[in-house]
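Structural overview
Okay, here's what each chain looks like letter by letter:
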Amino acid sequence: MTAPFPKATIEGYPRIGANRELKRALESYWAGRIDADTFRSTTRALRIDNYNHLRDLGLTEDYAIPADVAYYDQVLETGLTVGLIPGGTDLDEEFALARGNAERVPLEMTKWFDTNYHYLVPEIAADQDITPAPERVLRLVAEAREAGHTVRPYLVGPVTLIALSKPAEWSLLDKLTDAYAAVFAALKEAGVEWVQVAEPALVADLSTPDAELAKFTEQAWSKLLGEENRPSVYLTTPYGATREGLTTLAKLAPEALHVDLSPWTLDEDSGYPERVRAQVAEHAPETTLVAGLIDGRNVWAANLRLKAEILQKLGAEHVSTSTSLQHVPHTLNAEKNLPVDVANWLSFADEKISEIQALVAGEENATEAFARSDRAVRTRAESERTHNADVEARVNALPAGAVQRQPEFAERNKVQEEQLGLPALPTTTIGSFPQTPEIRKARADHKAGELTDEQYTEALKTEIKNVIELQEEIGLDVLVHGEAERNDMVQYFAELLDGFVVTENGWVQSYGSRCTRPPIVVGDVSRPAPMTVEWAKYAQSLSEKPVKGMLTGPVTILAWSFKRDDVPLSLSADQIGVALADEVRDLEEAGIQVIQIDEPALRELLPLRADDRPAYLDWAVRAFRLVALEAKPETQIHTHLCYSEFGQIIDAVAGLDADVTSIEAARSKMELLEDIDETFHSEIGPGVWDIHSPRVPSQEEIVGLIKAALENVPSERLWVNPDCGLKTRGYAEVEPSLRNLVAARDEVAAGL
Ligand code: GLN
Ligand code: ZN
């Protein structure tokens, strides 16, 4: 008889550590400051601390704590464990796959469902071997046990793993299923009673059609669940509603089944909980149904009364999060400076665990938690912080639907060509230059009150001057000021706009050791004063060449913030759009001729279901266009996108109607250019240097990429630039890389 499934659980917990211990351990190891043994023992201590902490928070039942552990990424971790990615248990091999090294390019990285987390894309082939390395999870189980914890191992499921791989090589499914079976058997033999397997592929419209996914799910899982020698399986479907896939899953009757019931998947009267209840009752009466009720992706305190009603409709007793909590910060306890009213409206990972317990206990046993929840819901709805009459009036007065900058591109393009007089294949960078230890120190000292405002400004100006001089010396054509004043491209604006709050310690993992601290949109957004103009003006005063003004676009500001759940996203986007339009006007008045509006996250907010995408793209494109709407024809508007495959949204990228579009392309070797057709009129800079890796690309390599780009883009429209900003790189790589980039351009331009 196996242990019963825990009543209160979570799908996953932030891995990075309350004080970003994992980040530090990773970076110390990569830098050679600690050896592999120290790295392993440090990260082991962190995992055990997390387990202890979760037990203290009340996850006391056996198997309530998921061991969703990964040094770098959960997809890579599972890939290595089941052997779809060769590498076994070798630490350096794992990091070479993730980050590349002098000889090798890293695996591609892309967005994990509709979150701001990025996973590594396994590269697979029909004829490859699959040799599982179950030691990876067995080790986790053993170390937890030694510390007194009965944890639940976590794997990404076989269907999702193939669906997310490149290419989605389904002929491997049988072999892969056998590998999972072998890992399951090893877990069983080690005495593990529950394993958690996530199949979020079933909630999204991926390249594999729904009907086929259902077939593959049935194929893999009927076999896996038919095995005798395995733990009980907790099959999960985070990140959305399973729709038709639900029947497939219910028919498989795993021992426990999770459904995501977050607001993303639930309209008030969707009937979804009732449908889930009926399907499970019909096909899998023995299956434990686990309600993913507490939202793993937002930071708002749950409306417990509403959640309790859904739980009742579902007829379930087991409560979890909708997704892993890896997407939210650890705890509100680390926030000392949030406005008190706002703090009452919020709930981070640890607070969400209390909400789960309140739901499991029920209102009669958790009266205080329910009363607190009622109060939060009420005060938030009534607050002036959430509703600003002036902002609402301005946005209401905007024309509805699409808006169009005048004159059209072709005409603007001519004016700009005369105005700017750039050489063939102009070179530029994406904005940021390395954030040196000196800048970080100056920022920290300023924050600590050890540098006055004047001293801090001086330090930044010195940095800007150095960056401009370096670019002049290297011979770039359109310069940047380097963004030294920005800790983060979204946070910077959030701090200067009204309607946001920022946290002190609200770090969430973006990928690997990279964390961001998403601001929180609490209410209506407006711009009390210019935000970037002084820096842009100063930088431009140092050069005859054009220096770009740098803005983060409305979609990206929203995508990398925690969003409101009380108004449509499109409303927040319009509000940010008009606030940034004021900034564009002020930059123009300050003499800035080129303005870049970064939208790296345009694809990030793309709904997982195809039906929902057109409406999103409409409002996203509109918000961007609002920013540039009143720009003068001679102002060259650039945009920049990265982090993803653009095929699906290429029309929307064209629809942004920017004058120049720079786009990540180096890792995928210019593949995206195949998607570009006549509707895409803007000039374009496909990245020729993958800045996510510490490699310095050679001149020859860059020449190759420029030539590849020229096969799809006429030379009059092609720019030469890196994939993204340089802030995470060091000057040791940046200088030679940029020199190679300019030399490569010169070489190709000479042959035009
Ligand atoms: N301008 C930003 C930078 O260079 C763009 C960053 C991004 O696309 N993620 O840092
Ligand atoms: Zn970028």
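Further up the page is the structure itself.
Quantities reported herein were computed from a predicted structural model and do not represent experimental measurements.

Attention now moves to the overall build of the chain. For the chain, the helix and strand inventory stands at 26 helices and 18 strands. Against the globule reference of 27 Å for 752 residues, the chain gives a C-alpha radius of gyration of 26 Å, in line with a compact fold. The principal-axis extent of the C-alpha atoms belonging to the chain is close to 80 × 60 × 50 Å. The 752 residues of the chain split such that 61% are buried.

Ordered in space as β14-β15-β16-β17-β18, the 5 strands form an open sheet in which the pairing is parallel. Each edge of the open sheet is held by one strand with a lone partner, namely β14 (548-552) and β18 (683-686). Neighbour-to-neighbour, the strand axes of the sheet open up by a mean angle of 20°, direction not taken into account. Sheet topology places strand β16 (residues 636-641) next to strand β17 (residues 660-663); 4 bridges connect them, and they run parallel. Among the inter-strand pairings, His640 is bridged to a residue of β17, identified as Ser662. With respect to the sheet, helix α22 (residues 569-589) is in contact with β14 and β15 (594-598), its orientation differing from that of β14 by roughly 170°.

Before going further, it helps to spend a moment on the site of ligand 1. In the vicinity of ligand 1 lie 13 residues, with Ser432, Glu483, Asp598, His640 and Gly725 positioned nearest. One of the side-chain N or O atoms of Ser432 is found 2.7 Å from an oxygen atom in ligand 1. At 3.0 Å, a side-chain N or O of His640 approaches an oxygen atom of ligand 1. When grouped by side-chain class, the residues that make up the shell around ligand 1 number 6 nonpolar, 4 polar and 3 charged.

Tallied over the entire structure, the rule returns 39 salt bridges. Among the ionic pairs, Arg104 bridges to Glu93, the shortest N-O distance being 3.1 Å. Of this pair, Arg104 sits in the loop between α4 (91-99) and β2 (109-111) while Glu93 sits in helix α4, placing them 11 residues apart in sequence. Given the relative accessible area of 24%, Glu93 is considered partly exposed.

Here the focus is helix α14 (residues 367-382). Counted at 1.5 Å a residue, the expected span for α14 with its 16 residues is 22 Å, and the 23 Å between its end C-alpha atoms agrees. Every buried residue of α14 is accounted for by Ala369, Phe370, Ser373, Ala376 and Arg380. The buried residues of α14 all sit within an arc of 120° when viewed along its axis, so they share a single face. In α14, the exposed positions that point more than 90 degrees away from the buried face belong to Thr367, Glu368 and Glu382. Of the surrounding secondary structure, the elements contacted by the buried residues of α14 are α11 (304-314), α12 (340-345) and α13 (349-361).

Time to look at the pairing of β14. Where burial is concerned, most of β14 is hidden: 5 out of the 5 residues are buried. A two-sided burial pattern is seen for β14, the buried positions comprising Lys548, Met550 and Thr552 on one face and Gly549 and Leu551 on the other. Where β14 and β15 come together, 5 bridges link them in parallel fashion. Looking at the pairing, Lys548 lines up with Val594 of β15.

This paragraph deals with the packing of aromatic side chains. For the structure shown, the criterion picks out 17 aromatic pairs. Here Tyr180 and Phe184 contribute two aromatic rings whose centre-to-centre distance is 6.5 Å and whose plane-to-plane angle is 90°, an arrangement assigned as edge-to-face. Of this pair, Tyr180 and Phe184 both sit in helix α7 (residues 173-189), 4 residues apart, which is roughly one turn of that helix. Where Tyr492 meets Phe493, the ring centres are 5.4 Å apart and the plane angle is 90°; that geometry is what we call edge-to-face. The class for Tyr492 is buried, based on a relative accessible area of 9%. The aromatic ring of Trp300 is capped on one face by Arg380, whose charged end is 3.6 Å from the ring centroid.

Residue Pro167 follows Lys166 across a cis peptide bond; omega there is -10°. Within the secondary structure, Pro167 sits in the loop between α6 (158-163) and α7. Along the chain, Gln406 connects to Pro407 via a cis peptide bond; the corresponding omega equals -15°. Note on placement: Pro407 falls in the loop between α15 (389-396) and α16 (409-420). Even without a glycine there, the phi angle at Ala253 is positive, about 50°.

For the zinc ion (ligand 2), the protein coordination sphere consists of His640 (NE2), Cys642 (SG) and Cys724 (SG), at 2.0 to 2.3 Å. Metal-centred angles of 90 to 127° between the 4 donor atoms at the zinc ion (ligand 2) mark the site as tetrahedral. Motif for the zinc ion (ligand 2), donor spacing along one chain: H-x1-C-x81-C. Residue His640 is located in strand β16, and its partner Cys724 is located in the loop between α25 (699-710) and α26 (731-750); the two are separated by 84 residues in the primary sequence. Each member of the pair, His640 as well as Cys724, carries the same accessibility label: buried.

Glancing now at the sheet that holds strand β7 (residues 256-260). Here 7 strands make up an open sheet; going across it, the order is β1-β4-β5-β6-β7-β8-β9 and the pairing parallel. Strand pairing shows two members of the sheet lacking a second neighbour, β1 (66-67) and β9 (318-321), which therefore form its edges. Relative to strand β5 (residues 194-198), strand β4 (residues 152-156) is paired through 3 bridges, and the arrangement is parallel. From the neighbouring strand, Val156 faces β5, where its bridge partner is Ala198.

What follows deals with a negative patch on the surface. Together, Asp651, Glu674, Asp675, Asp677 and Glu678 line one region of the surface with negative charge. Take Glu678: it is sitting in the loop between β17 and β18.

Conventions adopted
- Residues numbered from 1 in each chain as written.
- Chains lettered and ligands numbered in written order.
- Predicted model: local features only at pLDDT ≥ 70, side-chain atom pairs only at ≥ 80, totals over all residues.
- Heavy atoms only, no water.
- Helix = DSSP H or I, 4+ residues; strand = E, 2+ residues; numbered from the N terminus.
- Rg over C-alpha atoms; globule rule 2.2 N^0.38 Å.
- Buried < 20%, exposed > 50% of the residue type's maximum accessible area, 1.4 Å probe, protein only.
- Pairing = 2+ DSSP bridges.
- Axes fitted to C-alpha atoms, helices over the stretch in contact; angles between N-to-C directions.
- Contact = heavy atoms within 4.5 Å.
- Near = heavy atom within 4 Å.
- Polar contact = N/O pair within 3.5 Å; in protein donor to acceptor, adjacent residues only side chain to side chain.
- Nonpolar A, V, L, I, M, F, W, Y, C, P; charged D, E, K, R; others polar.
- Salt bridge = Lys/Arg side-chain N within 4 Å of Asp/Glu carboxyl O.
- Expected span 1.5 Å × (residues − 1).
- Arc of directions from axis to C-beta.
- Phe/Tyr/Trp six-rings, centres within 6.5 Å; stacked < 30°, edge-to-face > 60°.
- Lys NZ or Arg CZ within 6 Å of the ring centre and 35° of its normal.
- Donors = N, O, S within 2.8 Å, 3.2 Å for Na, K, Ca; no water.
- Tetrahedral: all angles 85-135°; square planar, octahedral: opposite > 155°, others 65-115°.
- Patch = residues over 30% accessible without salt bridge, like charges linked within 9 Å, V, L, I, M, F, W, Y side chains within 5 Å.
- Areas by Shrake-Rupley, 256 points an atom, 1.4 Å probe, with all protein chains shown as cover.
- Lys, Arg positive; Asp, Glu negative; His and termini not counted.
- Charge placed at Lys NZ, Arg CZ, Asp CG, Glu CD.

Everything listed here is a matter of geometry and, on its own, says nothing about what the molecule does.
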